[in-house]
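Residue-level structural notes
As a plain string of letters, each chain reads:
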Amino acid sequence: MSDQHAKRSPSGVYKWALCAGSLAAEDGLPDVESEFALEGRAAHALAERCLIEDLTPEFFAKKSIGDVLVDQEMVDAIRDYLALVYEQATGCAEMLVEQRVAFDAYVPEGFGTVDCVILFDNGLVVIIDLKYGKGVKVDEFLQHRVYALGVLQDFGWMYDIEKFRLIVSQPRLNHVGIEEITVEELLQWHEDFIVPAIEAGDDPDAPRTPGEKQCQFCKAKPTCPALAETAREMMSVGFDDLEHQGPPPAPALTAEQIGQAMAQFKVIRNWMTAVEEHALHQMKLGNEIPGFKLVEGRSNRKWADEEAAEKYLKRKVGAKETFNKSLISPTAAEKLVGKKEPRLQQLITKAPGAPTMAPENDTRPALAIDLSEGFENLEGE
């Protein structure tokens, strides 16, 4: 059961807790479900059936769940998720799958659905949240903490809960994140963080506070004036000295100016992408966007009749020249035979990735740059 229609849902906590004005901004806007959301919904349904019916994901291989085909990548991912669940559930008193919880004692009208809740008689509760997507690595636990409030409200009278173990599982990124928090710490977090956010959001004139986390999945992002102004300010930070008449005072931007611009890159890019998608949608509906028009985009040529084209080319140039054969990619092979197949992995190699930029708090180690590389032949006698 989805929690997306709760006024303050666990999955929307970054919006309503970090941007008080987001509730009013999104009010009345329709939900738009992407192909990635459909895929994620299918993966959750697969995991639920496997846990409840004691089945393996292989049983569903090449079958459809809704409009999504269960391919080998999904089978492998859910197998890893199930292994994590069963490992965490060892010796438990009770395990609940897709469990709806209410936390309206802590958040008005609050409810949501937890992927997996595992309760122990020793005071421990494990909450596991499956994230099937691989676009964004989840390493924070605000959503899980809200779920914990719901478990505490619904099951605190049955179990003497002392501590929560919050787990995010992202099998397609080979990522498992864990946070442990006591009930006392959870309630203090609620008092210090959630209560002020609720009070701020109840103000009909609550301000909007743009930021990477709260804007990422906000439905009002394309038309949000606060985000637009923030993006404009971000793009001008550190560049005040560039407003001048005549020749520039320096031949290039300083390292500090470049760093300031790069720090805001993701917020600005996400906003501009959302604006572009919104503008295109409006124009497809017949609405005008001043300065722009709908035109026919690029497309690839294809055979109008493949069978007729094959007959013609065989006659004209011969069968040998008519077809190309090439080995499928490692990714395509993994979808066919499975990512965990040992022999297949022995046949795959991966060159080091090209250097790319990342924030200082990124978990990947920094590359050591050898400035002398490539100059060996310049060393004289």
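Everything here concerns the structure above.
Structure report, in brief. Since the model is a prediction, treat every value here as computed from it, not as a measurement. (Residues numbered from 1 in each chain as written. Predicted model: local features only at pLDDT ≥ 70, side-chain atom pairs only at ≥ 80, totals over all residues. Heavy atoms only, no water.)

When helices and strands are tallied, the protein chain shows 14 helices and seven strands. Counting all 381 residues of the protein chain, 34% fall into the buried class. Within the protein chain, contacts between residues separated by at least 24 positions form 63% of all contacts whose residues are at least 6 apart in sequence. For the protein chain, the accessible area works out to roughly 25300 Å², and carbon and sulfur atoms hold 54% of it. (Helix = DSSP H or I, 4+ residues; strand = E, 2+ residues; numbered from the N terminus. Buried < 20%, exposed > 50% of the residue type's maximum accessible area, 1.4 Å probe, protein only. Contact = heavy atoms within 4.5 Å. Areas by Shrake-Rupley, 256 points an atom, 1.4 Å probe, with all protein chains shown as cover.)

In this structure, Val 13, Trp 16, Val 125, Ile 127, Val 151, Ile 161 and Phe 164 are the most contacted members of the largest nonpolar core, which totals 35 residues. Elements with a minimum of two residues in this core: α1 (13-18), β3 (94-102), β4 (111-119), β5 (124-130), α5 (142-155), β6 (163-170) and α6 (183-201). When residues of this core are assigned to their parent elements, the largest contribution, eight residues, is made by α5. Beyond its immediate chain neighbours, meaning those up to four positions away, Trp 16 contacts Arg 8, Ser 9, Ser 22, Leu 23, Val 107, Ile 194, Ala 197 and Ile 198. Phe 60, Ala 77, Ile 118 and Tyr 132 belong to the second largest nonpolar core, which has 29 residues in total. (Core = buried A, V, L, I, M, F, W, Y, C linked by side-chain atoms within 4.5 Å.)

If you trace the five strands from one edge of the open sheet to the other, you get β3-β4-β5-β6-β7, paired in mixed fashion. A single partner strand is all that each edge strand has here, and the edge strands are β3 and β7 (175-182). For this sheet, the mean inter-axis angle between neighbouring strands, taken without regard to orientation, is 30°. Pairing between β3 and β4: eight bridges, direction antiparallel. (Pairing = 2+ DSSP bridges. Axes fitted to C-alpha atoms, helices over the stretch in contact; angles between N-to-C directions.)

Here we come to a nonpolar patch on the surface. A cluster of nonpolar side chains, Ile 258, Met 262 and Phe 265, forms an exposed patch at the surface whose accessible area comes to about 270 Å². Take Met 262: it is sitting in helix α9 (residues 255-263). (Patch = residues over 30% accessible without salt bridge, like charges linked within 9 Å, V, L, I, M, F, W, Y side chains within 5 Å. Salt bridge = Lys/Arg side-chain N within 4 Å of Asp/Glu carboxyl O.)

All right, on to the side chain of Asp 115 then. By secondary structure assignment, the location of Asp 115 is in strand β4. Summary of buried charges: Asp 115 has no salt-bridge partner, and the nearest side chain of opposite charge, Lys 131, is 6.6 Å away. Here Asp 115 is in contact with His 44, Tyr 81, Leu 96, Val 97, Glu 98, Ile 128, Asp 129 and Leu 130, once residues within four sequence places are set aside. (Lys, Arg positive; Asp, Glu negative; His and termini not counted.)

Here the focus is the pairing of β7. Of the two faces of β7, only the one carrying His 175, Gly 177, Glu 179 and Ile 181 is buried; Val 176, Ile 178, Glu 180 and Thr 182 on the other face are not. Alignment of β6 against β7, held across eight bridges, turns out to be antiparallel. Bridge pairing in β7 places Ile 167 opposite Ile 178.

Moving on, we come to helix α10 (residues 265-284). Over its 20 residues, α10 runs 29 Å from end to end, which matches the ideal 28 Å to within 8%, given 1.5 Å per residue. Burial in α10 covers these residues: Val 267, Ile 268, Trp 271, Ala 274, Ala 279, Gln 282 and Met 283. The buried side chains of α10 occupy one side of the element, clustering within an arc of 165° when seen end-on. Residues of α10 that are exposed and point over 90 degrees away from its buried face: Glu 276, Glu 277 and Lys 284. Residue Gly 286 follows α10 closely and has a positive phi angle near 100°. (Expected span 1.5 Å × (residues − 1). Arc of directions from axis to C-beta.)

Turning our eyes to something else, we now look at the environment of Thr 273. By secondary structure assignment, the location of Thr 273 is in helix α10. A sequence separation of 52 residues divides Thr 273 from Lys 221, and the C-alpha atoms of the two residues are 9.9 Å apart.

Before going further, it helps to spend a moment on the packing of aromatic side chains. Under the defined criterion, the tally for this structure stands at two aromatic pairs. Ring plane angle 85° and centroid distance 5.2 Å describe the contact between Phe 59 and Phe 60, whose orientation is recorded as edge-to-face. The partly exposed category is assigned to Phe 59, whose relative accessible area is 44%. Over the ring of Phe 111 we find Arg 100, and its NZ or CZ is 4.4 Å from the ring centre. (Phe/Tyr/Trp six-rings, centres within 6.5 Å; stacked < 30°, edge-to-face > 60°. Lys NZ or Arg CZ within 6 Å of the ring centre and 35° of its normal.)

Counted residue by residue, β6 has six buried out of eight residues, so it is predominantly covered. With seven bridges joining them, β5 and β6 adopt parallel strand pairing. Bridge pairing in β6 places Leu 124 opposite Lys 163. Handedness of the β5-α5-β6 crossover: right-handed. The antiparallel pairing of β6 with β7 creates a hairpin that spans four residues between the two strands, and Asn 174 there sits at a positive phi of about 50°. (Right-handed = clockwise from strand over helix to strand, strands pointing away.)

What follows concerns unusual backbone geometry. Most peptide bonds take the trans configuration, and most residues that are not glycine carry a negative phi. Although it is not a glycine, Lys 62 adopts a positive phi angle of roughly 65°. Looking at where Lys 62 falls in the secondary structure, it is placed in the loop between α3 (35-53) and β1 (64-65). Among the residues examined, Lys 62 registers a relative accessible area of 71% and is labelled exposed. A positive phi angle is found at Glu 98, which is not glycine, with a value near 50°. Mapped onto the fold, Glu 98 is located in strand β3.

This part covers a negative patch on the surface. Residues Asp 160, Glu 162, Glu 184 and Glu 185 make up a contiguous surface patch of negative charge. Inspection of the secondary structure puts Glu 184 in helix α6. (Charge placed at Lys NZ, Arg CZ, Asp CG, Glu CD.)

So far we have only geometry, and geometry alone does not tell us how the molecule works.
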